[in-house]
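In case you want the letters, here they are:
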Amino acid sequence: MAQISFRKLNKTYGSATVIHDIDLDIADKEFIALVGPSGCGKSTTLRMIAGLEEVSDGELWIGEHMVNDVPSKDRDIAMVFQNYALYPHMSVYKNMAFGLALRKAPEAEIDIKVREAAQILDITHLLNRKPKALSGGQRQRVALGRAMVRNPEVFLLDEPLSNLDAKLRGTMRAEITKLHKRLNATFVYVTHDQIEAMTMADRIVVMKDGHILQVDTPQNLYDRPVNIFVAGFIGAPQMNMLPVTIKPVNGGFVADFAGTTLPLPDTMDRDKIAPYAGQSVVLGVRPEDFHEAPPPGVADARIARLAATVDLAEPLGSEKHLNLSAGDTSMIARVSARCPAQDGQAIELIVDMSHVHLFDPETELSILHTGVK
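Residues numbered from 1 in each chain as written. Predicted model: local features only at pLDDT ≥ 70, side-chain atom pairs only at ≥ 80, totals over all residues. Heavy atoms only, no water.

Novice: Even after reading the chapter, I still don't get the overall build of the chain, so can you show me in this structure?
Specialist: The helix and strand tally for the chain stands at nine helices and 20 strands. The dimensions of the chain, computed from C-alpha atoms along their principal axes, are 80 × 45 × 35 Å. Here the chain, with 373 residues, has 50% of them falling under the buried criterion. A fraction of 66% describes how many contacts in the chain between residues 6 or more apart in sequence connect residues 24 or more apart. Surface exposure of the chain reaches about 17700 Å², of which carbon and sulfur atoms provide 49%. Side chains of the chain carry 39 positive and 47 negative charges; the gap between the two charge centres is 9 Å. (Helix = DSSP H or I, 4+ residues; strand = E, 2+ residues; numbered from the N terminus. Buried < 20%, exposed > 50% of the residue type's maximum accessible area, 1.4 Å probe, protein only. Contact = heavy atoms within 4.5 Å. Areas by Shrake-Rupley, 256 points an atom, 1.4 Å probe, with all protein chains shown as cover. Lys, Arg positive; Asp, Glu negative; His and termini not counted. Charge placed at Lys NZ, Arg CZ, Asp CG, Glu CD.)

Written out as structure tokens, the structure reads:
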């Protein structure tokens, strides 16, 4: 079993606390991603699992053992670093075999494991090369292979694709996902790239300033963010945040945005909205929920019309991004590539209100969705 558990885990450097009382259970064989901006503590958390950083307070469990004081070499984990950490003077074969050789594994066993891993990763033809003769993607495969040959129960990957170009990152995302399914091990993956996390992970842990803000599946994070930070971090382009005032109308509620009435659907929890009647809140609208015409299958009661000015139209081939302004608020809409809107044009867009979000402007918490797990 390679379940990983944090119990009130803290990490301090002198008087500075960088990880604050985090609790988390990572299931055996799960692929979980830690995401957040630079300095949020995700790599420090990974390094504590690896034993490269000491736990300041709390408990860290791998399987049935608390490993706070267990040396890294005895934790049955393998780590893949951002910079690959390959020995430049060694061949690919020797780089992959190095960990097993240190453990004095029989040469025949080493050879079998290295060649099996090389075959899985399609790098058999590279075994006699030195790292300097490899491309970035090939070096990444060697680093993965070096971890694989140890057959660990836990793989720790610290931003392993950040040094690759966009096309190769896409390829390697798919390769690592397939590798996880094939190896049947627990993967903990650190990234600042929310696209990597969304496409690869079973669950995502969103971190900020050493705190865990939300843990959930990629789709639930996208559909039910618990606060403004998560809502803005997950999704590209990020969610639009509109200042609105909640007003009661005919037994329901509307959001007033700069004189425009945006009806809130009856499917929203009225009991949670009612305390905000007459108050200002933040209404979140994802760029794809702006439309040029009423979307098919969405009732008229769930749409609103919003006038705006196009500040900049960005054609992207398959779609077009419209940078908009309405009053003092800037927004971005993701529309069809064939949308004729041009810079400086006044337009009217349809807002699909069935997918909007409401946030408390003081606490920044979701009014409709609560909880971090």
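Still more to cover.
Novice: So what exactly am I meant to see when it comes to the packing of helix α2 (residues 92–102) against helix α3 (residues 107–121) here?
Specialist: Each pair of packed helices gets described by two things: the angle between the helix axes and the distance between those axes. Where α2 meets α3, the axes come as close as 10 Å, and the angle between the chain directions of the two elements is 135°. When the interaxial angle is binned, α2 and α3 end up oblique. Between α2 and α3 lies a crossing of right-handed hand. For the pair formed by α2 and α3, the contact residues are Y93, M96, A97, L100 and A101 on the first element and I110, D111, K113, V114, R115, A117 and A118 on the second. Of the residues contributing to the contact of α2 with α3, the split by class is nine nonpolar, no polar and three charged. (Axes fitted to C-alpha atoms, helices over the stretch in contact; angles between N-to-C directions. Parallel < 35°, antiparallel > 145°, perpendicular 65-115°, else oblique. Left-handed = near helix turned anticlockwise from the far one by under 90°. Nonpolar A, V, L, I, M, F, W, Y, C, P; charged D, E, K, R; others polar.)

Novice: It is not clear to me how the sheet that holds strand β4 (residues 57–62) should be interpreted in this structure. Could you clarify?
Specialist: Strands in a sheet are paired, the pairing made by backbone hydrogen bonds, and the direction either parallel or antiparallel. Spatial ordering of the open sheet is given by β2-β1-β4-β5, a layout of four strands whose pairing is antiparallel. The strands lining the two open edges of the sheet, one partner per strand, are β2 (16–26) and β5 (65–66). For strand β1 (residues 4–13) and β2, the ladder comprises seven bridges, and the chain directions are antiparallel. In the sheet register, Y13 faces β2, and the bridge partner there is A16. The strands that helix α1 (residues 42–50) touches are β1, β2 and β4; relative to β1, the one it contacts most, it runs at about 115°. (Pairing = 2+ DSSP bridges.)

Novice: I'm lost on the pattern of salt bridges in this one. Help?
Specialist: Side chains bearing opposite charge may pair, as long as their charged atoms lie close to each other. Summed over the entire model, instances satisfying the criterion amount to 14 salt bridges. As a salt-bridge pair, E30 and R203 come within 2.5 Å of each other at their nearest N and O atoms. Taken together, the positions of E30 in the loop between β2 and β3 (31–35) and R203 in strand β9 (residues 203–208) put the pair 173 residues apart, joining distant regions of the chain. Taking the relative accessible area as the measure of exposure, E30 reaches 9% and is therefore buried. Overall, R203 belongs to the partly exposed group, its relative accessible area being 22%. For E53, the salt bridge goes to R47, with nearest N and O atoms at 3.6 Å. The exposure class of R47 is partly exposed, given its relative accessible area of 29%. (Salt bridge = Lys/Arg side-chain N within 4 Å of Asp/Glu carboxyl O.)

Novice: Even after reading the chapter, I still don't get the sheet that holds strand β15 (residues 290–291), so can you show me in this structure?
Specialist: The strand order across the open sheet built from five strands is β15-β19-β16-β17-β18, with neighbouring strands paired in antiparallel fashion. The open sheet terminates on both sides in strands that have one partner only, identified here as β15 and β18 (329–336). Pairing of β15 with strand β19 (residues 346–352), which is carried by two bridges, proceeds in the antiparallel orientation. Looking across to β19, one finds that H291 is bridged to I350.

Novice: I would appreciate a short explanation of the packing of aromatic side chains in the present structure.
Specialist: Centre-to-centre distance and the angle between the planes together describe a pair of aromatic rings. Considering all chains together, one arrives at five aromatic pairs under this definition. On the numbers, 5.8 Å between centres and 40° between planes, the contact of F31 with Y189 is tilted. Residue F31 is located in strand β3, and its partner Y189 is located in strand β8 (residues 186–191); the two are separated by 158 residues in the primary sequence. Note on accessibility: F31 and Y189 belong to one class, buried. Linked through ring pairs, F31, F155, F187 and Y189 together constitute an aromatic cluster. Above the face of the Y13 ring, K11 is positioned so that its terminal group lies 4.9 Å from the ring centre. Sitting over the ring of Y222, R286 keeps its end group 3.9 Å from the ring centre. (Phe/Tyr/Trp six-rings, centres within 6.5 Å; stacked < 30°, edge-to-face > 60°. Lys NZ or Arg CZ within 6 Å of the ring centre and 35° of its normal.)

Novice: When you look at helix α4 (residues 136–148) in this model, what are you seeing that I'm missing?
Specialist: Three- or four-residue spacings in an α-helix give side chains the same orientation, since the helix completes a turn every 3.6 residues. Taking 1.5 Å per residue, 13 residues should reach 18 Å; α4 reaches 18 Å between its end C-alpha atoms and fits that length. Within α4, ten of the 13 residues are buried, which leaves it mostly tucked inside the rest of the structure. For α4, the elements touching its buried residues are β6 (77–80), α2, α3, β7 (154–158) and α5 (166–183). (Expected span 1.5 Å × (residues − 1).)

Novice: Looking at this model, I keep getting lost on the packing of α3 against α4. Mind explaining?
Specialist: Relative to each other, α3 and α4 sit at 140°, their axes nearing to 9 Å. With respect to α4, the element α3 is oriented oblique. Classified by chirality, the crossing of α4 by α3 is right-handed. In this structure, α3 uses A117, I120 and L121 to contact α4, whose residues at the interface are R141, L144, G145 and M148. For the contact of α3 with α4, the per-class residue count stands at five nonpolar, one polar and one charged.

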